[in-house]
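# Observations on the model geometry
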Amino acid sequence: MKKQLTRLTKMALLPILLLCAHSFVHAQEQLTVTGSVTDTQGTPLPGASIVIQGTQQGTTSDFDGNFQLDGVPSNGQLMVSYIGFVQLLVDVDNRSSIDIVLSEDNNLLDEVVVIGYQSVKRSEIVGSVSVVDTDEMLKAPAGNVGQMLQGRAAGVTVTSTGAPGTSSSVKIRGLNSFSGQDSPLYVVDGMLISALGSDFNPNDIESIQVLKDAAATALYGSRGMNGVIVVTTKRGRPGPLKVDYDFYYGFQTINKRLKLTNAEQFKAINDLAYTNNGDAPLNLRQGVDTDWQEELFKTGTISEHNLNLSGGSENSNYFISLNYFDQEGAIIGPEFERYQIRVNTQTKKGRFTFGENIAMSRSNQTRVNGNPFIDVVWMLPTIPVYDPNNESGYGYGDDNNSTFATNPIGLQEHYSNTAVTSKVLGSAFAEFEIFPFLKYKLNLGLDYAQIREKYFQRAGALRQNTPGAAFLDDRHTEFFNILAENTLNFSKAFGKHNITALVGYTTQKDNFTYNFAHTEGLSGEFWVQDNGTTSPRTEGREEVAGLRSFLGSFNYSFDDKYTLLFNFRRDGSSKFGKNNRYANFPSVSASWRISEEGFMENNGVFSNLKLRGSWGIVGNQAISNYATQSVLRYNQNYVLNNQVVPGATNLQLVNPNLRWESKTTTNIGVDMGFFQNRLSLTADYYIADVEDLLLAVPIPLSSGNTGGDPLANVGQVQNRGLELSLGYQNVINDFSFGVLANGTFLKNEVKALVEEAGNLPIFGQGQILRTAVGEPVASFYVLETAGIFQNQAEIDAWGVQPGARPGDVKYVDNDGNGVINFDDRTVVGKALPDFEYGLNLNFGYKGFDMTAFFAGVTGNSIFNEQKWWSQRYDDNANYLVDDVFWTGEGTSNLIPRPQHLDSSLNPTQNSDRYVEKGDYFRLKNLQIGYSFPEEVISKLSLNKLRLYMTGQNLFTITDYSGYDPEVVGANGNGDFLNRGFDNGNFPSLRTGILGIQIGF
């Protein structure tokens, strides 16, 4: 009680003492002080801040570094600061003229960044590492980290959709595996995980580093082949309790509408298609005119609450965050909500330091059913959304309105597809300082997730000639992954020599459990397995995988100029057989800070110049947990002695000699800084050879292999790229501005596939995407067209389509054999862009701030399946109003004549008619904010009050005719073999947001 009274007394006296001090300062003699601010070389520092200590009164230096400040107490002090330099407190000492010299702040210029097992100064980084500006990143509200990362770091490819609760596809430096396991490793506060989805609150992030080359990722060995994203969450800082609250609410819409025909326009074209085939037109339903886009699309909402509590003392700190995120989709049906609590603490007691970083979340997701963005094009405007004459209550195709599209509204309303995820992600650590230069650290990590999925289909059809029986699927999945790391860290300086070293032993165990139950014949809305009456079915399995690793690192630097780094990791995985269970992953890298050399003094150009080079090998254990072990399937009956007896069989042959996929990377880089590092440029050129890629090797069924072809290490791919990052920051009086830009050039080539099978290509969705030796991964391999036949003479002259008619598509005979067939397909584009870029602009003036973020790609193509349906004109789907199809000679050379059920299948062939340029330039995020001044917020007992408004995806410049050029891939699959295939990808959303940030 006595302590509480003492504390209350102090709190009561503090404002009085501050007021007295304030009055005392103003009672002193006041001066007008003039002077200049320069660096140690005498270079003027424009925009330096000069503030009277203990007040808000101040000024900034002009372009020549000069300043004038009125009302300065004769015995007061001036606080002088400038970005990249040590703050300086200057005694006025009754002087009216003061020249101030600031020295460079190496701690700011050499920002400490976390690159995994170690934290290093930015100037000491010798590998290729992108440090993401998280302050700018967090100004773009999003449901997951991937969306925020897009365009923020060179060499990082991110594609996202607008579907609530879905994760983004993140790739680093091109293709690294054919297995689909080509996403980066995430290290969150020391815990290694394979994905960072929508169940993680991005607002907890303090810093993000992207490790790209082998030198930066070698310490992660078999898990570093696809790059590593190191995430460090926020911690408390010494001081009293600090409370921050951030809330925003916004609306989201699908920006684009395809100009589809109404019922009257559709009937005119459809009648012509039937007439051209010699058939009577359909007796289309009268009095119905459905705009399927208008019925499906709606205004969605997005909102988020973040409450942070933090503080600490000299020896301990804490950070607690509470988060609620809610997103209702921009189409009927899907939605997502997340609850999360995080607790981060750290305590130092003598030689011991210990703490934990734990986040617990629960999310509820209603998923998108089917492929609604194809069905809105496929469905006819003469079909109603709801039809009480059908069992389901929804309209769909019939004999007079024939289409095999599925009612997209019924898909979302009549079927239920939900997932509930409970997750714990965290780490706990203890560190002991053996000597001031030697520390031991134990790090324990946990990644636990429990996912309950329920898919319920009510009775009743939603598609022509497709019965709709009621059934229920329940899936229960559990992940329990634990990590234990023991590391010993050495760091000591010997004069100009500095040595840091690390040795470690780590183990990680992944446990996976899956149970599935199915039942049919349910009645009513009681969605449990016991309510089913027919066709019960269950499945289940349990899997365990382990990884044991030894790692080491040795870093030597001399005089902060020359650095040499060796990294080594030896991994052992339970996934491989005993012959290849262990693999070694070494790297070596070096750097030279030329700007620190004597001959660079007073050079007037470079404030920082560093050359970097690295070489290394990393790997990938991209196989299933038991891919090298023969698995028996039971309940395989056999006739023995004229009796049926139960037995078991091995359905699939396996390769016990599978080994690790590996990537050897050579990287050369340069870091440059100009004008006291206000302008910076980083460039990296790399060559990455990926070898021993796992592919299925075809073998005959007679060998006893009926469960799929076995895997072998046979594939090779090379990625080459140039990455550029440019930054500029400056302050002129009350105006501040900055530019952050990055660009990535990537060239990708397949070097080898399955030689035993003649290097046969690998095909993706619909055999439209092909991966072949000598070509980029995921090339569009289709027929080439040369326009539309205008008359019979043109058909006769073409000579290779004798059955064609005027108005048919003209195909190119690429193999010259006089016949148009699949052998005439050719590469007409590729899914991966030649160049990706991002541009962030930020401005500040007094209390106002503005950020504009742009992103784009060039050189890639997209297969537009929506166009494939609307421009065939041989099947019943809706049409585009602006399409000009062939009706006679000279009317069109792009779109063929309508003909229902064209027996030649002429317009249905996958061709370059449906492959479009995927280039786009988009304003991804625009935010304008205002922070209220001190004199206002102090009256409200606040230390921060900021209002802001944000717009996302406000405009897009593109020639792509689909909903959105930012295409993840076929069926939302982000792996490289299916990239660029738009078969109804959920488009990015235009968003408008209002928000408030309050600090107590």
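Residues numbered from 1 in each chain as written. Predicted model: local features only at pLDDT ≥ 70, side-chain atom pairs only at ≥ 80, totals over all residues. Heavy atoms only, no water.

## Comments concerning the overall build of the protein
Along the protein, the regular secondary structure elements total twelve helices and 51 strands. Computed over the C-alpha atoms, the radius of gyration of the protein is 33 Å, within 12% of the 30 Å expected from 2.2 N^0.38 for a compact globule of 1000 residues. For the protein, the C-alpha atoms occupy an extent of roughly 105 × 70 × 65 Å along the three principal directions. Counting the 1000 residues in the protein, one finds 52% classified as buried. The contacts of the protein with a sequence gap of at least 6 include a subset with a gap of at least 24, amounting to 69%. For the protein, the accessible area works out to roughly 44,000 Å², and carbon and sulfur atoms hold 55% of it. Taken together, the 78 basic and 106 acidic charged side chains of the protein have centroids lying 7 Å from each other. (Helix = DSSP H or I, 4+ residues; strand = E, 2+ residues; numbered from the N terminus. Rg over C-alpha atoms; globule rule 2.2 N^0.38 Å. Buried < 20%, exposed > 50% of the residue type's maximum accessible area, 1.4 Å probe, protein only. Contact = heavy atoms within 4.5 Å. Areas by Shrake-Rupley, 256 points an atom, 1.4 Å probe, with all protein chains shown as cover. Lys, Arg positive; Asp, Glu negative; His and termini not counted. Charge placed at Lys NZ, Arg CZ, Asp CG, Glu CD.)

## Digging into helix α6 (residues 263-276)
Given a rise of 1.5 Å per residue, 14 residues ought to cover 20 Å, and the 20 Å separating the end C-alpha atoms of α6 matches this to within 8%. Along α6, the residues classified as buried are Ala263, Phe266, Ile269, Asn270, Asp271, Ala273 and Tyr274. For α6, the N-terminal cap is asparagine 262; the gap from its side-chain oxygen to the backbone nitrogen of glutamate 264 is 3.2 Å. With its phi angle positive at about 80°, glycine 278 sits one or two positions after the end of α6. (Expected span 1.5 Å × (residues − 1). Polar contact = N/O pair within 3.5 Å; in protein donor to acceptor, adjacent residues only side chain to side chain.)

## Brief notes about the sheet that holds strand β46 (residues 861-864)
If you trace the three strands from one edge of the open sheet to the other, you get β47-β46-β50, paired in mixed fashion. Only two strands of the sheet have a single partner each, and these edge strands are β47 (915-917) and β50 (981-982). Sheet analysis places β46 next to β50, joined by two bridges and oriented parallel. Residue asparagine 864 lies in a different strand from β50, and its bridge partner there is aspartate 982. (Pairing = 2+ DSSP bridges.)

## Some details on the sheet that holds strand β40 (residues 779-782)
The strand order across the open sheet formed by four strands is β38-β39-β40-β43, and the pairing between neighbours is antiparallel. For this open sheet the edge positions go to β38 (762-763) and β43 (826-830), each flanked by a neighbour on one side alone. One ladder, built from four bridges, connects β40 with β43; its direction is antiparallel. Along β43, the bridge assignment pairs valine 782 with threonine 826.

## Notes on the confidence of the model for the protein
Residues shown with low pLDDT carry predicted positions that ought not to be read at fine detail. Overall, the predicted model of the protein reaches an average pLDDT of 88, with 94% of residues at or above 70. Confidence drops under pLDDT 50 across residues 1-28; counting only partners more than four residues distant or on other chains, this segment forms three contacts. (pLDDT = per-residue confidence, 0-100.)

## A word on the side chain of glutamate 597
As for its placement among the helices and strands, glutamate 597 is situated in the loop between β28 (582-593) and β29 (606-620). There is a polar contact of 2.9 Å between the side chain of glutamate 597 and the side chain of tryptophan 592. If sequence neighbours within four positions are ignored, glutamate 597 has contacts with Lys561, Tyr562 and Trp592.

## Quick notes on the packing of aromatic side chains
Scanning the entire structure with this criterion turns up 41 aromatic pairs. Judged by centre distance (5.0 Å) and plane angle (65°), the ring pair of phenylalanine 373 and phenylalanine 986 falls under edge-to-face. Separated by 613 residues along the polypeptide, phenylalanine 373 in helix α8 (residues 372-378) and phenylalanine 986 in the loop between β50 and β51 (989-999) bring together distant segments of the chain. The class of phenylalanine 373 is buried, set by a relative accessible area of 1%. Centre to centre, the rings of tyrosine 728 and phenylalanine 737 are 5.7 Å apart; their planes meet at 40°, and the pair counts as tilted. On the basis of relative accessibility, which here comes to 22%, the residue tyrosine 728 falls in the partly exposed class. Here a set of aromatic residues connected by ring pairs shows up, and it is made of Phe745, Phe835, Tyr837, Phe854, Phe921 and Phe955. (Phe/Tyr/Trp six-rings, centres within 6.5 Å; stacked < 30°, edge-to-face > 60°.)

## Some points on the pairing of strand β49 (residues 944-958)
Two elements, strand β48 (residues 920-931) and β49, share eleven bridges in a ladder whose sense is antiparallel. Counted as the bridge partner of serine 931 is arginine 946 from β49.

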